[in-house]
Amino acid sequence: MKQRQGPVPRVVAPVKSLVQRFAYVGLIMAAFGIMMLGKADTVLFETVRAHITDSVAPIMNVLSRPAATVSEIVAKGQEIIHLRAENARLREANSRLLQWETVARHLEHENESLRELSNIATDGVNRYVTVRVIGDSGGTFAHSLVLSAGQRQGVRKGQAVVAGEGLVGRVHGVGQLSSRALLITDLNSRIPVLVESTRLRGILAGDNSQRPKLIHLPPGGTVAPGDRLVTSGHGGAFPQGLPVGTVVSVSDEGIEIQPFVDRHRLEYVRTVDYGLTGILATSSGEEEAKAEEEPAVGTTAPVER
Amino acid sequence: MKQSVWYQLDRTARGLTPFALAVLMVMVAATPIHIPELARIMPAVALVAVYHWTLYRPELLPAPAVFVLGLFQDFLAGGPVGIGTLVLMGVYGALLGQRGFFYGKSFAVVWMGFVLVAAFAKFLSWMLLSAYYSMAVTPDAFFFQYLLTIMIFPPISAFLLRWQRNILRQE
């Protein structure tokens, strides 16, 4: 090597530096091109993303276990500390729930007899898959979860993702072994909802903050802090009545919703197939992108009449 | 000759570790940590890695590696692909010319440099994301992510320096 260092580097060095600079500019342009392409061709990027997520899913599955264990230990410690207060609260809740139970039984009975009369078929859950949350990624760019099951386990695009407390989001991309859930707080999430007490329709729009906004309420419709929101079932993506969140503040900047589901607590979620072939059944990316935005106007419009 | 082959292999394997470490860090940052609100503002670890290696050993994390790292991070994140890559490439390019300034400077100076570069990077990400969606995205998450990222820089950089000395056995 030593002998060759002579006049050659004097020629090679500038050329090499030029090539490197050219490569650098080329890579910048490539990144920019990929960004634009990603906006245009969502299907291709979803496929690539599914493959990449699939290939790192086993590693992330392992990585996510210690984190879960630590959080479990912390949670157990907190439980012991708050045992007494929790106990009192549960007793109170229990007596209240017992009252509710009688009411619910009564309503169930009534509901059944009414249903018999009108012959409505219940849209039951076709099947569900319980999955581990192995990735909580996206940071400032997106709000999504990586789930530990994919196509092979029966997860399909468009299925609802639910936790015990309520709606988490929907399945956004599916690989063979992993899938990705778009949270209701994500900028691209639009969910047709109802105010539970007043039956007002609206759209829950995520904006990458912790609290999504309620938009497209019918004119004159008012909501107050504390109102509960459930899915309305319009657009055919979700069944009616899945709990979504509560109104926390109403101001000029919009109606802020606190989701029932605590994103950071999620360890296991369910992807549920309600057998609904709604707007999300379209396979074309372009139509799908349209479908995500259109119902915002489309489903609320009839209310105004 | 045989020894030389093994030596080369060993050297190459060691040389690949900065990239592998960065990829691993991105994956760790994407695992659910179960701390309230942390997922939204998880520190940008890839930025720390790119800053570190570009200043100390740019040949170990060259432009194509930065590019691939950025793409991996973007695909894993689930958001628009290419924005994070552009930001990392921008940081890489801007730093490469400034290496002389940081040469032999104390860690505090390097950290201050990172505070500035990270501010530029976060601002650029916010601008690009807002341009991508053609709307002003709420900037609060970017700000808190920035604060966390500059706080996490010293421990990660110290770890990478140690790695550089003990595993790469160079300099």
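Quick look at the structure, then. A quick note: this is a predicted structure, and the numbers were derived from the prediction, not measured. (Residues numbered from 1 in each chain as written. Chains lettered and ligands numbered in written order. Predicted model: local features only at pLDDT ≥ 70, side-chain atom pairs only at ≥ 80, totals over all residues.)

## A short note on the packing of helix H2 (residues 45–56) of chain B against helix H4 (residues 83–96) of chain B
All names here are of chain B.
Part 1 of the reasoning: Contact pair H2 / H4: the axes reach a minimum separation of 10 Å and the direction vectors enclose 25°. Between H2 and H4, the angle is such that the two are roughly parallel. In terms of crossing hand, the pair formed by H2 and H4 is right-handed. Facing Ala46, Leu47, Val50, Tyr51, Thr54 and Leu55 of H2, the residues of H4 in contact are Leu88, Val91, Tyr92, Leu95 and Leu96. (Axes fitted to C-alpha atoms, helices over the stretch in contact; angles between N-to-C directions. Helix = DSSP H or I, 4+ residues; strand = E, 2+ residues; numbered from the N terminus. Parallel < 35°, antiparallel > 145°, perpendicular 65-115°, else oblique. Left-handed = near helix turned anticlockwise from the far one by under 90°. Contact = placed C-beta atoms within 7 Å.)

## Some thoughts on the pairing of strand E3 (residues 160–163) of chain A
Residue and element names in this part refer to chain A.
Part 1 of the reasoning: One ladder, built from four bridges, connects E3 with strand E4 (residues 166–174); its direction is antiparallel. Note that in E4 the partner of Ala163 across the bridge is Gly166.
Part 2 of the reasoning: The antiparallel pairing of E3 with E4 creates a hairpin that spans two residues between the two strands.
Part 3 of the reasoning: Two strands pair when backbone bridges link them, and E3 and strand E12 (residues 268–273) are joined in this way by three bridges, in the antiparallel orientation. Across the sheet, residue Val161 finds its bridge partner in E12, namely Thr271. (Pairing = 2+ DSSP bridges.)

## Some thoughts on the pairing of strand E9 (residues 228–231) of chain A
All names here are of chain A.
Part 1 of the reasoning: Where strand E6 (residues 190–195) and E9 come together, three bridges link them in antiparallel fashion. For Val195, the partnering residue across the bridge sits in E9 and is Leu229.
Part 2 of the reasoning: With three bridges joining them, E9 and strand E10 (residues 243–251) adopt antiparallel strand pairing. Each residue of the ladder has a partner; that of Arg228, found in E10, is Thr246.

## Focus: the interface of chain B and chain A
Part 1 of the reasoning: Taken together, the contact pairs 42 residues of chain B with 42 residues of chain A.
Part 2 of the reasoning: Counting residues per element, the ones that place at least two in the side of chain B that touches chain A are helix H1 (2–29), helix H3 (63–77), H4, helix H6 (107–132) and helix H7 (140–166) of chain B.
Part 3 of the reasoning: Among the elements that make up the side of chain B that touches chain A, the one with the highest residue count is H3 of chain B (eight residues).
Part 4 of the reasoning: When its residues are assigned to classes, the side of chain B that touches chain A shows 29 nonpolar, eleven polar and two charged. (Nonpolar A, V, L, I, M, F, W, Y, C, P; charged D, E, K, R; others polar.)

## With respect to the sheet that holds strand E1 (residues 127–137) of chain A
Residue and element names in this part refer to chain A.
Part 1 of the reasoning: The sheet built from six strands closes into a barrel, its strands ordered E1-E2-E5-E4-E3-E12 with antiparallel pairing. Mean inter-strand twist for the sheet, computed between neighbouring axes without regard to direction, equals 45°.
Part 2 of the reasoning: Across five bridges, E4 lies against strand E5 (residues 179–183) in antiparallel orientation. For Gly169, the partnering residue across the bridge sits in E5 and is Leu183.

## Concerning H3 of chain B
Residue and element names in this part refer to chain B.
Part 1 of the reasoning: In this model H3 runs 21 Å from its N-terminal to its C-terminal C-alpha over 15 residues, within 8% of the 21 Å that 1.5 Å per residue would give.
Part 2 of the reasoning: Burial runs high along H3: eleven of the 15 residues are buried.
Part 3 of the reasoning: Turning to H3, its buried residues number three or more, namely Ala63, Val66, Phe67, Leu69, Gly70, Leu71, Gln73, Asp74, Phe75, Leu76 and Ala77.
Part 4 of the reasoning: Just past H3, the residue Gly78 takes up positive phi, approximately 85°. (Expected span 1.5 Å × (residues − 1). Buried ≥ 20, exposed ≤ 12 C-beta atoms within 10 Å, placed from the backbone.)

## Regarding H7 of chain B
The α-helix advances 3.6 residues per turn, and as a result positions three or four apart in sequence lie on the same side.
All names here are of chain B.
Part 1 of the reasoning: The end-to-end C-alpha distance of H7, which contains 27 residues, comes to 39 Å, matching closely the 39 Å that a straight helix rising 1.5 Å per residue would cover.
Part 2 of the reasoning: By the burial criterion, the buried members of H7 are Ala141, Phe142, Gln145, Tyr146, Thr149, Ile150, Phe153, Ser157 and Leu160.
Part 3 of the reasoning: The elements touched by buried residues of H7 are H2 and H6.

## A few points about the sheet that holds E6 of chain A
All names here are of chain A.
Part 1 of the reasoning: What the six strands build is a closed barrel, ordered E6-E7-E8-E11-E10-E9; its pairing is antiparallel. Neighbour to neighbour, the strand axes of the sheet diverge by 45° on average, direction disregarded.
Part 2 of the reasoning: Inspection of the sheet shows strand E7 (residues 201–205) paired to strand E8 (residues 213–215) by three bridges, in the antiparallel sense. Following the sheet pairing, Leu204 is matched in E8 by Leu214.

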